[in-house]
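Summary of the model geometry
Read off the chains here:
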Amino acid sequence: MTLTCDFSSRTVLVTGAGQGIGEAIAAYFHAAGARVAVADWDGDVLARTWGAPSERMLPVVLDVADPDAVTRGIDSVVDRFGSIDVVVNNAGIARDAVVWKMTDDQWRSVLDVHLGGTFHVTRAAIPHMRAAGFGRIVNVTSFTGMHGNVGQSNYAAAKGGIIGFTKSVAKETARFGITANAISPNAATAMVAAIPEEQLAAMTATVPMGRFAEPSEMAAAVAFLASDEAGYITGAVVPVDGGVSM
Ligand SMILES: NC(=O)c1ccc[n+]([C@@H]2O[C@H](COP(=O)([O-])OP(=O)(O)OC[C@H]3O[C@@H](n4cnc5c(N)ncnc54)[C@H](O)[C@@H]3O)[C@@H](O)[C@H]2O)c1
């Protein structure tokens, strides 16, 4: 059997595709021939990164925390490309504070974007995947979702929730030819640049590879999980983290 990175028969939606890991994942799928819908709530970032719509690229400005916007966004992708075969739930924010200082807004916004957004996009995409008898859902969790982190109880709760959500969706959809998996990344992006220098140096020291990855290094793992060949892998959490979770 020949392994293929050919996604020319597939439509892929990536959330948080304006920059960072999402941009790199979407760029990989686009280079592999997919029709790509790049979704982000920041229309300016999206326009700067991706420019005007083209034959195989549709920018979609939406907030994943808004269920109606997500439904409209998914419908627009299916209208434009005729299918939605792969969704990558990558959009994310951080609103850090120790738990006794955390505001309701910090708590809710992080849960709404990460966990709510992953739920909204997955729920809206599955009927189309079921109709096609094929689907790949790739969620983005985090080391913090498994191990916790100071100042990130909201983020840890959301990312831990994504793992349980992924496994439940995997069990519910396996019989329809749909898989649901997650990656746990570690890449130098704006989110990481916002970490204070000393804390970042301490974090880097814990990575066996001795560095944060380039965002592009996340994309091949996602593409593999989205491939036809990975059809027997579901409910998995794949660390793409330089060994930090060992
Ligand atoms: N960078 C890392 O090392 C790392 C580690 C673990 C997990 N993650 C996760 O990877 C994902 C991507 O992170 P990143 O480092 O590329 O971050 P980033 O801040 O560089 O990019 C996040 C993108 O998501 C978009 N976004 C945020 N909220 C949104 C919303 N409500 N609706 C639509 N788009 C929204 C932003 O506009 C931005 O373009 C996130 O889920 C993050 O939690 C990253």
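Please refer to the structure placed before this passage.
In this convention, every chain numbers its residues from 1, walking through the sequence in written order. Note on the predicted model: pLDDT of at least 70 is required for a residue's local features to be given, and 80 or more for side-chain atom pairs to be given and counted; whole-chain, interface and lining totals, by contrast, use all residues. In computing side-chain values, all of the structure's heavy atoms are included and hydrogens and water are not.

1. Quick notes on the overall build of the protein
Secondary structure is summarised from DSSP: a helix means a run of H or I of at least four residues, a strand means a run of E of at least two, and numbering begins at the N terminus for each. When its secondary structure is counted, the protein shows nine helices and seven strands. For the radius of gyration, the atom set is restricted to C-alpha positions; the globular benchmark scales as 2.2 Å times the number of residues to the power 0.38. On C-alpha atoms alone, the protein measures out to a radius of gyration of 17 Å, which is about the 18 Å that the 2.2 N^0.38 rule sets for 246 residues. The 246 residues of the protein split such that 51% are buried. Computed by Shrake-Rupley with a 1.4 Å probe, the accessible areas treat only the displayed protein chains as cover when residues are assessed. Looking at the protein as shown, the accessible area adds up to about 11,400 Å², and 56% of this sits on carbon and sulfur atoms. Counted charges follow a simple rule, with Lys and Arg positive, Asp and Glu negative, and His plus the chain ends left uncounted. The atoms used to mark charge sites are NZ of Lys, CZ of Arg, CG of Asp and CD of Glu. Across the protein, the centroid of the 17 positively charged side chains sits 7 Å from that of the 24 negatively charged ones. Relative accessibility under 20% of the residue-type maximum defines a buried residue, over 50% an exposed one, and the middle range a partly exposed one, all with a 1.4 Å probe and only protein chains included.

2. Considerations on empty space enclosed by the protein
Here a cavity denotes a set of grid points, spaced 1 Å apart and computed over the protein atoms alone, in which a 1.4 Å probe fits but from which it cannot get out, and a pocket denotes an open set meeting protein on both sides within 12 Å along at least five of seven lines; residues with an atom within 4 Å of a point are reported as lining. Grid points are joined across faces, edges and corners, and a volume is the space filled by probe spheres set on the points. Counted under the stated rule, the structure contains one cavity of 30 Å³ or more. Computed from the structure, the largest cavity encloses a volume of approximately 40 Å³. Together, Thr15, Val64, Asn89, Asn90, Ala91, Val113, His114, Gly117, Thr118 and Val121 line the largest cavity. Among the elements that line the lining of the largest cavity, the one with the most residues is helix H4 (residues 104–132), at five residues.

3. Re the sheet that holds strand S6 (residues 178–185)
DSSP calls a pair of strands paired once it identifies at least 2 bridges connecting them. Across the sheet, seven strands lie side by side as S3-S2-S1-S4-S5-S6-S7; this open sheet has parallel pairing. Here the strands that pair on one side only, and so sit at the sheet edges, are strand S3 (57–61) and strand S7 (237–240). Each strand of the sheet is rotated relative to its neighbour by a mean of 20°, with strand direction disregarded. Relative to strand S5 (residues 135–140), strand S4 (residues 86–89) runs parallel, the two sharing four bridges. For asparagine 89, the partnering residue across the bridge sits in S5 and is asparagine 139. Most of the contacts of H4 go to S4, to which it runs at about 175°, and overall it touches strand S1 (11–15), S4, S5 and S6. The convention used is that axes are lines fitted to C-alpha atoms, helices contributing only their stretch in contact, and that angles between N-to-C directions extend from 0 to 180 degrees. In what follows, residue pairs with any heavy atoms lying within 4.5 Å of each other are defined as contacts.

4. Things to note about the environment of aspartate 40
Its place among the elements puts aspartate 40 in strand S2 (residues 35–40). The exposure class assigned to aspartate 40 is buried, which follows from its relative accessible area of 10%. Separated by 160 residues in the primary sequence, aspartate 40 and leucine 200 have C-alpha atoms spaced 26 Å apart. When neighbours within four sequence positions are excluded, aspartate 40 is seen to be in contact with Gly16, Ala17, Gly18, Gln19, Leu46, Val60, Val61 and Leu62. Polar contact is defined as a pair of N or O atoms within 3.5 Å, subject to the rule that within protein one atom must be able to donate a hydrogen and the other to accept it, and that residues adjacent in sequence are counted only when both atoms are side-chain atoms. Among the polar contacts listed, one links the side chain of aspartate 40 to the backbone nitrogen of alanine 17, at a separation of 3.4 Å.

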